[in-house]
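Remarks on the overall topology
Residues per chain are reported as follows:
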Amino acid sequence: MEKSSEKNTSAFAHLSTLSQYIVPFGNYIFPIIIWSSYKDKSEFVDHHGKQALNFQLSLLLYTLILALIAVPIFVTVFLQNLPMEAVFNDEDFYIRNINFEGNIGLLSIGATAVVLFGLLKFVEFFLVIYASIKASNGELYKYPMTISFIK
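Since this is a predicted model, take the numbers as computed values, not measurements.

**Notes on the overall build of the protein**
Summing up its helical and strand segments, the protein has four helices and two strands in all. In sequence order, the protein lays out its α and β elements as α-α-α-β-β-α. Over its C-alpha trace the protein gives a radius of gyration of 22 Å, far above what one expects of a compact globule, namely 15 Å for 151 residues. When its C-alpha atoms are laid out on the principal axes, the protein stretches across 70 × 35 × 20 Å. Residues classed as buried in the protein amount to 35% of the 151 residues present. When contacts within the protein are restricted to residue pairs at least 6 apart in sequence, those whose partners lie at least 24 apart make up 66%.

**With respect to the nonpolar core**
Residues L18, F55, L59, L127, V128, A131, Y141 and Y143 constitute the largest nonpolar core, which totals eight residues. When residues of this core are traced back to their parent elements, those giving at least two are α3 (43–80) and α4 (104–136). Looking at this core element by element, the count peaks at three residues for α4. In this structure A131 touches H14, Y141 and Y143, once residues within four positions along its chain are discounted.

**Regarding unusual backbone geometry**
The phi angle at F25 is positive, at roughly 60°, despite the residue not being glycine. Tracing the sequence through the fold places F25 in the loop between α1 (4–15) and α2 (26–38). The exposure class assigned to F25 is exposed, which follows from its relative accessible area of 60%. Phi is positive for M145, which is not a glycine, with a value near 55°. Positionally, M145 belongs in the segment after α4. For M145, a relative accessible area of 67% gives the class exposed.

Calculation notes
Residues numbered from 1 in each chain as written. Predicted model: local features only at pLDDT ≥ 70, side-chain atom pairs only at ≥ 80, totals over all residues. Heavy atoms only, no water. Helix = DSSP H or I, 4+ residues; strand = E, 2+ residues; numbered from the N terminus. Rg over C-alpha atoms; globule rule 2.2 N^0.38 Å. Buried < 20%, exposed > 50% of the residue type's maximum accessible area, 1.4 Å probe, protein only. Contact = heavy atoms within 4.5 Å. Core = buried A, V, L, I, M, F, W, Y, C linked by side-chain atoms within 4.5 Å.

This is the structure we're talking about:
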């Protein structure tokens, strides 16, 4: 049976990944600090710290893959439509000469990658909350679709 302090530390290791919305790279820095401080003292904290870090590293990999799909597609479509003309009237602004007819398939793939990224961030938030609840209850938790970078 895990001690209350181990449960709290493990839950905090998961919740510290949400610091990414306030501190750049906080989702890596704070779990590493917590995990490295307690990994030799508690197997329970060691397990949850590894899970939090592996999940964040997996999300980074998935995000990079989605970006490598979406960014070149949008840049290519934009560059193909460069001779566009921006018109400024007294109250109106519009762009003429944009032709997406031949690029609908590419734009659909790029938009799908962007939607998948948004879905990934949405699911991440709830999985982190769920993992922290499991840790605070003294249960071992393994995130779904996580690559074990740290064993």
